[in-house]
Amino acid sequence: MRYINNKIRFIVAFNLLFTMSCENFVELDTPDHILVSPVVFNSGETATAAIKGIYNELADADFSRGYQYSVTVLAGMPSDIFETTSVTDTRYGPFQQNEIAPAETPDASANYNLWSSAYNVIYMANSALEGLENSTNIPVGQLGILEGRALFLRAFTYFYLTNLYGDVPLVLTTDYRQNSLATRNPASEVWDQLTDDLEEAVVLLDGQDFYGENERTNINQYVVQAFLARVYLYREDWNKAEEWSSKLIDQTTIYEIQEDLDLVFLKNSKEAIWQISPEGRGFSSTYTGEGYMFRGNSSSPVKLSDNFVASMQEKDKRLANWVGFNSSRSFHFPYKYKDSNSRNSASEYSMVLRLAEQYLIRAESRAMQGNISGAIADVDVLRSRAGLDLINDIEPEINKEGLLNIISEERKLELFSEWGHRWFDLKRTGKASQVLMPLKPLWQETDVLFPIPQVELDKNQNLHQNVGY
């Protein structure tokens, strides 16, 4: 996505100045520097710029930028994917050992940045939705598109919050006083709300299948469909998960599995359904947060776990193409992103949704519904690309349980170091303790949730801590 012109950028920056302060939304009074929403949402041009401004924030927000406090890093540590490169690490070590402190430590600060930056994006989305609702000058068709994108962004962010923390405040307004007293809503209510937001968004964006300038950064109907497939997988609605993933897989003229693994994470890859452009940060550096975080040099704080690397077959092309090795310090690191130093010319965008995940969603959904042959066909698409033996050739009579185990393993090998997939998979399938207890001596059942940051509990007595902290 290219930058909007300076006039619009100025308006958006001024409008979003107050929304960025929502990291402390539970304690702030109404700020005195708000640009009244009707001014921003007085025309389609400025309203569109405001929604693009929220999208650009994803490239800078801690939870979504792929860097040190992102979902990708912090939700990768508690599973069996990442380890610290130093035994004395005080920022990531507690995440690896599932011993995160609520307050006053480096790991607590990381956890707070994750939490607060996510709520920042939610507040921005709420602000946009309120502005759009009160607008009278935007054409109806354009209004629906903008509303659909804002709803998606809110649902997208709540998906990660509830997966990380369980019950969380369901903030749907910009009312500071109401938010300052917000309680934690049951996770089931959060899931219902984010699902409703996505279902509404997919209707509002119906027919909007363009990306614009061939940049796979716009939120269109396919982006929402892909995320709905994931949400319904997590909610164990196998029929709907299969239905929505099939819609993406059937778009053969738009998406395709890249046989060359080094092409997958390039900007506007044919496998990409939705990406975040690092250009949204507004800096001359145009490498992704993942590219810089996982560059595998002598100062890298995070590496791939030995157990994970050992689980990859030698002939698996993902081992050769997506795993790097630092010979001086003898550790492996994620190497899906190769660019860690580009300036003014991005070659890679952060991948959020891609076609490979949709095949895995449909494979699992089909297996759960007893369609074993269909599930085998889907998982074999990715095994073929990876250079592995096809299930259809080596074990065509595999039973449901065996196939689900293979799908779980394929999800681990295919989606590692992407948005905490492995951590969330272990939790949603009830396998966290089974897998992690032998690896982590301090593991407890309550470790499946991160702690609510203590600073939030101190500011709002209506909040309560997760069990075990």
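What counts and how
- Residues numbered from 1 in each chain as written.
- Predicted model: local features only at pLDDT ≥ 70, side-chain atom pairs only at ≥ 80, totals over all residues.
- Heavy atoms only, no water.
- Helix = DSSP H or I, 4+ residues; strand = E, 2+ residues; numbered from the N terminus.
- Buried < 20%, exposed > 50% of the residue type's maximum accessible area, 1.4 Å probe, protein only.
- Contact = heavy atoms within 4.5 Å.
- Areas by Shrake-Rupley, 256 points an atom, 1.4 Å probe, with all protein chains shown as cover.
- Lys, Arg positive; Asp, Glu negative; His and termini not counted.
- Charge placed at Lys NZ, Arg CZ, Asp CG, Glu CD.
- Axes fitted to C-alpha atoms, helices over the stretch in contact; angles between N-to-C directions.
- Parallel < 35°, antiparallel > 145°, perpendicular 65-115°, else oblique.
- Left-handed = near helix turned anticlockwise from the far one by under 90°.
- Nonpolar A, V, L, I, M, F, W, Y, C, P; charged D, E, K, R; others polar.
- Pairing = 2+ DSSP bridges.
- pLDDT = per-residue confidence, 0-100.
- Phe/Tyr/Trp six-rings, centres within 6.5 Å; stacked < 30°, edge-to-face > 60°.
- 1 Å grid on protein atoms, 1.4 Å probe; cavity = no way out; pocket = protein on both sides within 12 Å on 5 of 7 lines; lining within 4 Å.
- Points joined across faces, edges and corners; volume = space filled by probe spheres on them.
- Expected span 1.5 Å × (residues − 1).
- Core = buried A, V, L, I, M, F, W, Y, C linked by side-chain atoms within 4.5 Å.

1. What about the overall build of the protein chain?
Secondary structure assignment for the protein chain yields 21 helices and 6 strands. The dimensions of the protein chain, computed from C-alpha atoms along their principal axes, are 65 × 50 × 45 Å. In the protein chain, which comprises 469 residues, the share counted as buried stands at 61%. Residue pairs in contact within the protein chain that sit at least 24 positions apart in sequence constitute 71% of those at least 6 positions apart. Split by element, the accessible area of the protein chain, about 17,800 Å² in all, is 48% carbon and sulfur. Looking at charge distribution, the protein chain has the averaged site of its 41 positive side-chain charges lying 4 Å from that of its 64 negative ones.

2. Some thoughts on the packing of helix α7 (residues 140–165) against helix α9 (residues 187–204)
Where α7 contacts α9, the axes come no closer than 8 Å and their chain directions differ by 155°. Put simply, α7 runs roughly antiparallel to α9. As α7 packs across α9, the resulting crossing turns out to be left-handed. Contact residues: α7 offers G144, I145, E147, G148, L151, F152, R154, A155, Y158, F159, T162 and N163, while α9 offers A187, V190, W191, Q193, L194, D197, L198, E200, A201 and L204. Residue composition of the contact of α7 with α9, by class: 13 nonpolar, 5 polar and 4 charged.

3. Digging into the environment of Y92
Topologically, Y92 is positioned in the loop between β1 (82–84) and α5 (93–96). Leave out the neighbours within four places in its chain, and Y92 touches Q68, V73, L74, M77, T84, M293, P301 and V302.

4. Looking at the pairing of strand β6 (residues 350–354)
Extensive coverage of β6 is indicated by the burial of 5 of its 5 residues. Sheet topology note: the strand β2 (residues 272–276)/β6 ladder contains 4 bridges and is antiparallel. Opposite Q275, over in β6, you have M351 as the bridge partner.

5. Thoughts on the confidence of the model for the protein chain
Chain-level statistics for the protein chain give a pLDDT mean of 90 and a share of 92% at 70 or above. Counted against residues more than four places away or in other chains, residues 1–36, with its pLDDT under 50, gives 77 contacts.

6. A look at the environment of Q454
Among the structural elements, Q454 can be located in helix α21 (residues 454–459). C-alpha separation for the pair Q454 and G53, spaced 401 residues apart in sequence, amounts to 30 Å. Leaving out residues up to four positions away in the same chain, Q454 has contacts with P102, A103 and Q465.

7. Concerning the packing of helix α10 (residues 221–234) against helix α11 (residues 238–249)
Following both chains from N to C, one finds α10 and α11 inclined at 155°, their axes separated by 8 Å at the closest point. Accordingly, the angle class assigned to the pair α10 and α11 is roughly antiparallel. For the crossing formed where α10 meets α11, the hand is left-handed. On the side of α10, the interface is formed by Y222, Q225, A226, L228, A229, Y232 and L233, while α11 contributes W238, K240, A241, W244, S245, K247 and L248. A per-class count over the contact of α10 with α11 returns 10 nonpolar, 2 polar and 2 charged.

8. Regarding the packing of aromatic side chains
Throughout the structure, instances matching the rule amount to 34 aromatic pairs. Taking 5.9 Å as the distance between ring centres and 25° as the angle between the ring planes, the aromatic pair formed by F152 and F156 counts as stacked. Separated by 4 residues within a single helix, F152 and F156 lie in helix α7, roughly one turn from each other. The buried category is assigned to F152, whose relative accessible area is 0%. With relative accessibility at 0%, the residue F156 sits in the buried group.

9. A word on the layout of surface pockets
Here the idea is plain: a probe the size of a water molecule rolls over the atoms and shows the empty space left. Taken as a whole, the second largest pocket holds about 310 Å³ of empty space. Only α15 (355–368), α18 (400–415) and α19 (421–428) provide two or more residues apiece to the lining of the second largest pocket.

10. Considering the side chain of T174
Secondary-structure assignment places T174 in the loop between α7 and α8 (176–180). With residues near it in sequence (within four places) discarded, T174 still touches Y123, N126, S127, E130 and N179.

11. Thoughts on empty space enclosed by the protein
Under the counting rule described, the total for this entry stands at 5 cavities of 30 Å³ or more. Of the volumes computed, that of the largest cavity is approximately 100 Å³. What lines the largest cavity is a set of 11 residues, and nearest its centre among them are I51, K52, Y55, R149 and N218. Mapped onto the lining of the largest cavity, the elements with two or more residues apiece are α3 (44–58) and α7. When residues of the lining of the largest cavity are assigned to their parent elements, the largest contribution, 4 residues, is made by α3. In the lining of the largest cavity, the residues fall into 6 nonpolar, 3 polar and 2 charged. Estimated volume of the second largest cavity: approximately 60 Å³.

12. Considering unusual backbone geometry
The phi dihedral of N98 falls on the positive side, at around 55°, and the residue is not glycine. When you line up the elements, N98 lands in the loop between α5 and α6 (106–133). If you check the backbone angles, S417 has positive phi at about 60° while not being a glycine. Tracing the backbone through its elements, the reader meets S417 in the loop between α18 and α19.

13. Overview of α11
A rise of 1.5 Å per residue sets the reference length of α11, with its 12 residues, at 16 Å; its end C-alpha atoms lie 16 Å apart and thus fit the reference within 8%. Buried residues of α11: W238, A241, E242, W244, S245, S246, L248 and I249, and no others. Elements that come into contact with the buried residues of α11 comprise α9, α10, β2 and α15.

14. Notes on the nonpolar core
If you look at the biggest cluster of nonpolar residues, it comprises 131 residues, and the most contacted ones within it are F63, F152, Y158 and W274. When residues of this core are assigned to their parent elements, the largest contribution, 14 residues, is made by α7.

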